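The lines below spell out each chain.
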Amino acid sequence: MRVDKNEAPLDGVKCVVNTCQYHEQGDYCTAEAIEIQPRNATSTEETDCATFSPSTRG
């Protein structure tokens, strides 16, 4: 899922995945929106951030 990147982080969303293009210092997420999958997950281990996109930062 490709989404636009916002200048400001999403309120209330903490992301520690520093290899994602939407990650900003301080563990903020700057994606315009996020999508968590799958629909019928029954535990934390089964969930996945479908918005994740690898960072191109060197």
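Further up the page is the structure itself.
Conventions used here
Residue numbering note: each chain is counted from 1, following its sequence as written. Residues qualify for local features only when their pLDDT is at least 70, as the model is predicted, and side-chain atom pairs are given and counted only at 80 or more; totals for whole chains, interfaces and linings, by contrast, use all residues. Hydrogens are left out, water is left out, and the side-chain values use all remaining heavy atoms of the structure. Comment: elements are numbered from the N terminus, with helices defined as DSSP H or I runs of at least four residues and strands as E runs of at least two. When accessible area is computed with a 1.4 Å probe and restricted to protein chains, residues below 20% of their type maximum are described as buried, those above 50% as exposed, and intermediate ones as partly exposed. Any two residues whose heavy atoms approach within 4.5 Å at even a single point are treated as in contact. The Shrake-Rupley method, run with a 1.4 Å probe sphere, supplies the accessible areas, and residue values consider only the shown protein chains as cover. Positive: Lys, Arg. Negative: Asp, Glu. His and the chain ends are not part of the count. We put the charge of a Lys on NZ, of an Arg on CZ, of an Asp on CG and of a Glu on CD. We call a set of buried Ala, Val, Leu, Ile, Met, Phe, Trp, Tyr and Cys residues a nonpolar core when their side-chain atoms join them within 4.5 Å.

Chemist: How should I be thinking about the overall build of the chain in this particular structure?
Modeler: Counting secondary structure elements, the chain contains 0 helices and 4 strands. When the helices and strands of the chain are listed from N to C terminus, the series reads β-β-β-β. Here the C-alpha coordinates of the chain stretch approximately 35 × 25 × 20 Å along the principal axes. For the chain, the proportion of its 58 residues judged to be buried stands at 21%. Put simply, 40% of the contacts in the chain that link residues at least 6 apart link residues at least 24 apart. Within the structure as shown, the chain displays about 4500 Å² of accessible surface, and the carbon and sulfur contribution to it stands at 47%. Seen as two clouds, the 5 positive and the 10 negative side-chain charges of the chain have centres 4 Å apart.

Chemist: So what exactly am I meant to see when it comes to the nonpolar core here?
Modeler: Nonpolar side chains tend toward joint burial in soluble globular proteins. Membership of the largest hydrophobic core is limited to 6 residues, which are V3, C15, C20, Y22, C29 and A31. Discounting chain neighbours no more than four positions away, the residues touching C20 are F52, S53, S55 and R57.

Chemist: I would appreciate a short explanation of the side chain of S53 in the present structure.
Modeler: Residue position: S53 is located in the segment after β4 (48-49). Setting aside its immediate chain neighbours within four residues, S53 contacts R2, T19, C20, Q21 and Y22.

Chemist: Before we go on, may I ask you to explain unusual backbone geometry in this structure?
Modeler: For residues other than glycine, phi is negative in most cases, and the peptide bonds are mostly trans. Residue P38 is reached from Q37 by a cis peptide bond, and omega for that bond is -5°. Topologically, P38 is positioned in the loop between β3 (36-37) and β4. One non-glycine residue, D27, lies in the positive phi region at around 65°. Inspection of the secondary structure assignment puts D27 in the loop between β1 (23-24) and β2 (28-29).

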